[in-house]
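Single-letter residue listing:
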Amino acid sequence: MADAIVARALAKRYGRVDALHGLTLRVARGECLGFLGPNGAGKSTAVKMLLGIVRPTGGDGELLGRPLGDRRARRSVGYLPELFRYPGWQSAREVLALHARLMRLAGAPRAIDAVLDEVGLRERAGDRVETFSKGMQQRLGLAVALLGEPELVVLDEPTSALDPLGRSDVRALIERLRARGTTVFLNSHLLGEVERVCDRVCIVDRGRVIAQGTVDALTGEPRGVRVLLDDGWHDYDVANAEVPELVARLVQGGARIQAVEPRHTSLEERFLALVRPS
(Lines give C-alpha, C1' and ligand atoms only; values in the text may rest on other atoms or scores of the structure.)
Protein backbone atom coordinates (compact mmCIF):
# COMPACT_ATOMS: atom_id res chain seq x y z
CA MET A 1 0.00 0.00 0.00
CA ALA A 2 1.27 3.48 -0.87
CA ASP A 3 2.53 5.72 1.95
CA ALA A 4 0.01 8.10 3.45
CA ILE A 5 2.18 11.14 2.65
CA VAL A 6 5.05 11.54 0.23
CA ALA A 7 6.83 14.85 -0.34
CA ARG A 8 9.69 15.21 -2.80
CA ALA A 9 11.63 18.47 -2.67
CA LEU A 10 8.47 20.52 -2.03
CA ALA A 11 9.13 24.24 -2.15
CA LYS A 12 7.08 27.41 -1.89
CA ARG A 13 8.17 30.92 -2.74
CA TYR A 14 6.17 34.09 -2.04
CA GLY A 15 7.78 36.88 -4.04
CA ARG A 16 11.35 37.04 -2.76
CA VAL A 17 10.62 34.97 0.32
CA ASP A 18 11.27 31.23 0.32
CA ALA A 19 8.73 29.86 2.77
CA LEU A 20 9.81 26.26 2.24
CA HIS A 21 12.91 24.70 0.69
CA GLY A 22 12.98 21.16 -0.64
CA LEU A 23 10.77 19.38 1.90
CA THR A 24 11.29 15.65 1.47
CA LEU A 25 9.58 13.15 3.76
CA ARG A 26 7.46 10.03 3.88
CA VAL A 27 4.76 9.12 6.37
CA ALA A 28 3.73 5.46 6.39
CA ARG A 29 0.15 4.30 6.75
CA GLY A 30 -0.84 4.04 10.39
CA GLU A 31 2.14 6.11 11.55
CA CYS A 32 2.04 9.12 13.85
CA LEU A 33 4.50 11.80 12.72
CA GLY A 34 5.36 14.84 14.80
CA PHE A 35 6.05 17.88 12.59
CA LEU A 36 8.06 20.41 14.57
CA GLY A 37 9.71 23.77 14.12
CA PRO A 38 9.84 27.31 15.52
CA ASN A 39 7.38 29.98 14.41
CA GLY A 40 7.99 30.94 10.78
CA ALA A 41 9.76 27.68 9.98
CA GLY A 42 7.40 26.78 7.14
CA LYS A 43 5.24 24.19 8.92
CA SER A 44 1.86 25.70 8.04
CA THR A 45 2.95 26.24 4.43
CA ALA A 46 4.01 22.61 4.22
CA VAL A 47 0.69 21.39 5.64
CA LYS A 48 -1.31 23.53 3.20
CA MET A 49 0.69 22.21 0.25
CA LEU A 50 0.26 18.61 1.36
CA LEU A 51 -3.49 19.15 1.60
CA GLY A 52 -3.71 20.89 -1.77
CA ILE A 53 -4.75 24.24 -0.29
CA VAL A 54 -1.58 25.94 -1.58
CA ARG A 55 0.23 25.04 -4.79
CA PRO A 56 3.97 24.36 -4.54
CA THR A 57 6.42 26.31 -6.67
CA GLY A 58 8.72 23.31 -6.77
CA GLY A 59 8.71 19.58 -6.14
CA ASP A 60 5.78 17.19 -5.95
CA GLY A 61 4.25 14.48 -3.81
CA GLU A 62 1.32 12.22 -3.07
CA LEU A 63 -1.43 12.07 -0.49
CA LEU A 64 -2.91 8.62 0.14
CA GLY A 65 -1.44 7.40 -3.12
CA ARG A 66 -2.77 10.25 -5.27
CA PRO A 67 -1.14 13.50 -6.48
CA LEU A 68 -1.28 16.46 -4.11
CA GLY A 69 -4.53 18.34 -4.58
CA ASP A 70 -6.49 15.29 -5.78
CA ARG A 71 -10.07 15.62 -4.49
CA ARG A 72 -10.55 11.88 -4.04
CA ALA A 73 -7.63 11.76 -1.62
CA ARG A 74 -8.84 14.84 0.25
CA ARG A 75 -12.17 13.14 0.98
CA SER A 76 -10.24 10.68 3.17
CA VAL A 77 -8.45 13.38 5.19
CA GLY A 78 -9.57 14.99 8.44
CA TYR A 79 -8.02 18.40 9.14
CA LEU A 80 -7.91 20.55 12.25
CA PRO A 81 -6.38 23.94 11.35
CA GLU A 82 -4.55 25.96 13.97
CA LEU A 83 -6.95 28.89 13.50
CA PHE A 84 -10.60 28.05 12.91
CA ARG A 85 -13.94 29.63 13.73
CA TYR A 86 -17.49 28.30 13.69
CA PRO A 87 -20.63 30.49 13.73
CA GLY A 88 -21.41 31.31 17.34
CA TRP A 89 -25.15 30.95 16.80
CA GLN A 90 -24.84 27.34 15.66
CA SER A 91 -24.91 24.41 18.05
CA ALA A 92 -22.15 21.83 18.07
CA ARG A 93 -24.44 19.35 16.37
CA GLU A 94 -25.37 21.90 13.69
CA VAL A 95 -21.70 22.58 12.96
CA LEU A 96 -21.07 18.87 12.51
CA ALA A 97 -24.23 18.41 10.44
CA LEU A 98 -23.11 21.17 8.06
CA HIS A 99 -19.73 19.52 7.57
CA ALA A 100 -21.37 16.14 7.12
CA ARG A 101 -23.55 17.60 4.32
CA LEU A 102 -20.51 19.15 2.66
CA MET A 103 -18.83 15.73 2.81
CA ARG A 104 -21.99 13.99 1.56
CA LEU A 105 -21.48 11.67 4.49
CA ALA A 106 -23.78 8.65 4.63
CA GLY A 107 -25.27 7.85 8.05
CA ALA A 108 -24.51 11.34 9.30
CA PRO A 109 -26.56 11.29 12.57
CA ARG A 110 -24.79 8.19 13.82
CA ALA A 111 -21.39 9.51 12.73
CA ILE A 112 -22.03 12.83 14.50
CA ASP A 113 -22.98 11.08 17.74
CA ALA A 114 -19.81 8.97 17.50
CA VAL A 115 -17.44 11.95 17.20
CA LEU A 116 -19.27 13.90 19.90
CA ASP A 117 -18.67 10.94 22.22
CA GLU A 118 -15.06 10.70 21.05
CA VAL A 119 -14.25 14.26 22.10
CA GLY A 120 -16.48 14.42 25.17
CA LEU A 121 -19.12 16.87 23.87
CA ARG A 122 -22.21 14.66 23.71
CA GLU A 123 -23.92 16.43 26.60
CA ARG A 124 -23.25 19.87 25.06
CA ALA A 125 -24.28 18.90 21.51
CA GLY A 126 -27.29 21.25 21.52
CA ASP A 127 -25.49 24.26 23.01
CA ARG A 128 -24.39 27.22 20.90
CA VAL A 129 -20.71 27.52 20.03
CA GLU A 130 -20.62 31.05 21.49
CA THR A 131 -21.20 29.54 24.95
CA PHE A 132 -18.18 27.24 24.62
CA SER A 133 -14.81 27.84 26.23
CA LYS A 134 -11.71 27.82 24.01
CA GLY A 135 -11.02 24.28 25.11
CA MET A 136 -14.51 23.13 24.16
CA GLN A 137 -14.23 24.82 20.77
CA GLN A 138 -10.96 22.97 20.28
CA ARG A 139 -12.75 19.71 21.04
CA LEU A 140 -15.41 20.62 18.47
CA GLY A 141 -12.69 21.23 15.89
CA LEU A 142 -11.32 17.78 16.65
CA ALA A 143 -14.79 16.30 16.19
CA VAL A 144 -15.06 17.91 12.75
CA ALA A 145 -11.66 16.48 11.79
CA LEU A 146 -12.77 12.98 12.84
CA LEU A 147 -16.06 12.93 10.91
CA GLY A 148 -16.32 10.00 8.53
CA GLU A 149 -13.41 8.05 10.05
CA PRO A 150 -10.72 9.53 7.76
CA GLU A 151 -7.66 7.50 6.76
CA LEU A 152 -5.37 10.45 7.55
CA VAL A 153 -5.87 13.04 10.29
CA VAL A 154 -3.84 16.26 10.16
CA LEU A 155 -3.81 18.08 13.50
CA ASP A 156 -2.34 21.58 13.71
CA GLU A 157 -1.77 22.49 17.37
CA PRO A 158 -4.68 20.33 18.63
CA THR A 159 -3.92 20.95 22.32
CA SER A 160 -3.18 24.70 22.16
CA ALA A 161 -6.34 25.71 24.09
CA LEU A 162 -6.65 22.66 26.33
CA ASP A 163 -5.90 22.24 30.01
CA PRO A 164 -3.80 19.27 31.23
CA LEU A 165 -6.88 17.04 31.38
CA GLY A 166 -7.81 17.99 27.82
CA ARG A 167 -4.26 17.30 26.61
CA SER A 168 -4.41 13.89 28.24
CA ASP A 169 -7.68 13.23 26.41
CA VAL A 170 -6.10 14.18 23.08
CA ARG A 171 -3.15 11.85 23.74
CA ALA A 172 -5.60 9.03 24.42
CA LEU A 173 -7.51 9.94 21.25
CA ILE A 174 -4.34 9.77 19.15
CA GLU A 175 -3.55 6.38 20.65
CA ARG A 176 -7.03 5.15 19.65
CA LEU A 177 -6.55 6.47 16.13
CA ARG A 178 -3.24 4.65 15.84
CA ALA A 179 -4.85 1.45 17.11
CA ARG A 180 -7.39 1.73 14.27
CA GLY A 181 -4.62 2.15 11.70
CA THR A 182 -5.32 5.85 11.12
CA THR A 183 -2.33 7.94 10.05
CA VAL A 184 -1.78 11.03 12.23
CA PHE A 185 0.22 14.09 11.14
CA LEU A 186 0.72 16.16 14.29
CA ASN A 187 2.02 19.73 14.26
CA SER A 188 2.62 20.90 17.83
CA HIS A 189 4.82 23.17 19.93
CA LEU A 190 4.27 20.94 22.98
CA LEU A 191 7.32 18.73 22.51
CA GLY A 192 6.57 16.62 25.56
CA GLU A 193 3.26 15.62 23.98
CA VAL A 194 4.97 14.77 20.68
CA GLU A 195 7.62 12.72 22.45
CA ARG A 196 4.93 10.63 24.13
CA VAL A 197 2.69 9.83 21.17
CA CYS A 198 4.68 10.02 17.92
CA ASP A 199 6.51 7.23 16.13
CA ARG A 200 8.78 9.62 14.25
CA VAL A 201 9.60 13.33 14.21
CA CYS A 202 10.46 15.77 11.43
CA ILE A 203 12.03 19.10 12.48
CA VAL A 204 12.03 22.07 10.10
CA ASP A 205 13.70 25.46 10.50
CA ARG A 206 13.85 28.42 8.10
CA GLY A 207 12.02 26.39 5.49
CA ARG A 208 14.34 23.38 5.53
CA VAL A 209 14.27 19.94 7.13
CA ILE A 210 17.10 19.84 9.67
CA ALA A 211 16.41 16.47 11.31
CA GLN A 212 14.02 13.54 11.09
CA GLY A 213 13.80 10.07 12.57
CA THR A 214 12.47 8.24 15.59
CA VAL A 215 12.46 10.02 18.93
CA ASP A 216 15.12 7.62 20.22
CA ALA A 217 17.34 8.24 17.20
CA LEU A 218 17.09 12.02 17.62
CA THR A 219 17.62 12.11 21.37
CA GLY A 220 20.49 9.60 21.33
CA GLU A 221 21.87 7.25 23.93
CA PRO A 222 21.37 7.82 27.69
CA ARG A 223 23.81 10.41 29.06
CA GLY A 224 24.71 10.05 32.71
CA VAL A 225 22.18 9.34 35.45
CA ARG A 226 19.44 11.07 37.42
CA VAL A 227 19.40 10.51 41.16
CA LEU A 228 16.33 11.20 43.32
CA LEU A 229 17.35 12.59 46.70
CA ASP A 230 15.20 14.04 49.48
CA ASP A 231 15.27 17.47 47.81
CA GLY A 232 14.44 16.24 44.31
CA TRP A 233 16.17 14.97 41.17
CA HIS A 234 19.85 15.67 40.47
CA ASP A 235 21.72 15.04 37.20
CA TYR A 236 25.23 13.57 37.08
CA ASP A 237 27.32 13.20 33.92
CA VAL A 238 29.07 9.94 34.71
CA ALA A 239 29.80 6.77 32.74
CA ASN A 240 27.86 3.60 33.59
CA ALA A 241 30.91 2.09 35.25
CA GLU A 242 31.17 5.08 37.60
CA VAL A 243 27.58 4.90 38.89
CA PRO A 244 28.31 2.57 41.89
CA GLU A 245 31.12 4.88 43.00
CA LEU A 246 28.82 7.91 42.68
CA VAL A 247 26.13 6.22 44.77
CA ALA A 248 28.65 5.22 47.43
CA ARG A 249 30.03 8.76 47.58
CA LEU A 250 26.55 10.28 47.97
CA VAL A 251 25.62 7.83 50.73
CA GLN A 252 28.87 8.50 52.59
CA GLY A 253 28.05 12.19 52.40
CA GLY A 254 24.75 11.58 54.20
CA ALA A 255 22.40 11.61 51.21
CA ARG A 256 19.36 9.35 51.11
CA ILE A 257 18.96 7.91 47.62
CA GLN A 258 15.42 7.01 46.57
CA ALA A 259 15.98 6.20 42.89
CA VAL A 260 18.64 6.09 40.19
CA GLU A 261 17.84 6.06 36.47
CA PRO A 262 19.59 6.77 33.15
CA ARG A 263 19.45 10.38 32.03
CA HIS A 264 18.05 10.78 28.50
CA THR A 265 18.24 13.89 26.40
CA SER A 266 14.66 15.10 26.01
CA LEU A 267 13.17 15.94 22.63
CA GLU A 268 12.90 19.54 23.79
CA GLU A 269 16.63 19.69 24.59
CA ARG A 270 17.47 18.22 21.19
CA PHE A 271 15.07 20.57 19.42
CA LEU A 272 16.57 23.64 21.08
CA ALA A 273 20.09 22.51 20.25
CA LEU A 274 19.12 22.22 16.58
CA VAL A 275 17.15 25.44 16.08
CA ARG A 276 19.02 27.88 18.33
CA PRO A 277 21.65 29.90 16.46
CA SER A 278 25.19 28.87 17.33
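Residues numbered from 1 in each chain as written. Predicted model: local features only at pLDDT ≥ 70, side-chain atom pairs only at ≥ 80, totals over all residues. Heavy atoms only, no water.

It is worth spelling out the packing of helix α5 (residues 134–146) against helix α6 (residues 164–180) at this point. Two elements in contact, α5 and α6, have axes separated by 12 Å at closest approach and are oriented at 10°. With respect to α6, the element α5 is oriented roughly parallel. Every residue of α6 that contacts α5 at R139, L142 and L146 is listed here: G166, D169, V170, L173 and L177. Its residues placed into classes, the contact of α5 with α6 shows five nonpolar, one polar and two charged. (Axes fitted to C-alpha atoms, helices over the stretch in contact; angles between N-to-C directions. Helix = DSSP H or I, 4+ residues; strand = E, 2+ residues; numbered from the N terminus. Parallel < 35°, antiparallel > 145°, perpendicular 65-115°, else oblique. Contact = heavy atoms within 4.5 Å. Nonpolar A, V, L, I, M, F, W, Y, C, P; charged D, E, K, R; others polar.)

Here we come to α5. For α5, which comprises 13 residues, the first-to-last C-alpha distance of 19 Å matches the rise-based estimate of 18 Å (1.5 Å per residue) to within 8%. Summarising burial for α5: 11 of the 13 residues are buried, a large majority. Those residues of α5 that sit buried are G135, M136, Q138, R139, L140, G141, L142, A143, V144, A145 and L146. Packed against the buried residues of α5 are β6 (77–80), α3 (92–103), α4 (108–119), β7 (152–156) and α6. Downstream of α5 by a residue or two, G148 has a phi angle that is positive, lying close to 80°. (Expected span 1.5 Å × (residues − 1). Buried < 20%, exposed > 50% of the residue type's maximum accessible area, 1.4 Å probe, protein only.)

Another point: the pairing of strand β10 (residues 208–214). Pairing geometry for strand β9 (residues 200–205) and β10, over six bridges, is antiparallel. Directly across from V201, in β10, lies its bridge partner G213. Following β9, the chain reverses through two residues before pairing antiparallel with β10; R206 in that reversal takes a positive phi of roughly 55°. (Pairing = 2+ DSSP bridges.)

Attention shifts here to the sheet that holds strand β4 (residues 58–63). Read from one edge to the other, the open sheet built from four strands follows the order β2-β1-β4-β5, with strand pairing classed as antiparallel. Two strands in the sheet have a free side with no partner beyond their single neighbour: β2 (17–27) and β5 (66–67). Across the face of the sheet, helix α1 (residues 43–50) comes into contact with β1 (5–14), β2 and β4 while running at roughly 120° to β1.

Next up on the list: the pattern of salt bridges. In total, this model carries 22 salt bridges according to the counting rule given. D169 is the partner of R139 in a salt bridge, and the nearest nitrogen-oxygen pair spans 3.0 Å. Here R139 is found in helix α5, whereas its partner D169 is found in helix α6, with 30 residues between them in sequence. The residue E175 makes a salt bridge to R178 at a minimum N-O spacing of 3.7 Å. Placement of the pair is E175 and R178 together in helix α6, with a separation of three residues, close to one helical turn. Since its relative accessible area comes to 25%, R178 is described here as partly exposed. Salt bridges sharing partners connect three or more residues here, namely R93, D113, D117 and R122. (Salt bridge = Lys/Arg side-chain N within 4 Å of Asp/Glu carboxyl O.)

This part is about the sheet that holds β6. The six strands lie next to each other as β6-β7-β8-β3-β9-β10, forming an open sheet whose pairing is mixed. With partners counted over all chains shown, the strands left at the sheet margins are β6 and β10, one partner each. With strand direction ignored, the average angle separating the axes of adjacent strands in the sheet is 15°. Alignment of strand β3 (residues 32–36) against strand β8 (residues 183–187), held across four bridges, turns out to be parallel. Looking at β8, one finds that L33 is bridged to F185. Packing against the sheet, α5 makes contact with β6 and β7, and its axis sits at approximately 165° to β6.

Attention now goes to the nonpolar core. Ranked by size, the top nonpolar core spans 46 residues in total, and within it L96 and L140 carry the most contacts. For this core, the element with the most residues is α5, which contributes seven residues. Look past the residues within four positions of L96 in its chain and what remains in contact with it is I112, V115, L116, L140, A143, V144 and L147. Counting 26 residues, the second largest nonpolar core, distinct from the first, contains A4, V27, L33 and A41. (Core = buried A, V, L, I, M, F, W, Y, C linked by side-chain atoms within 4.5 Å.)

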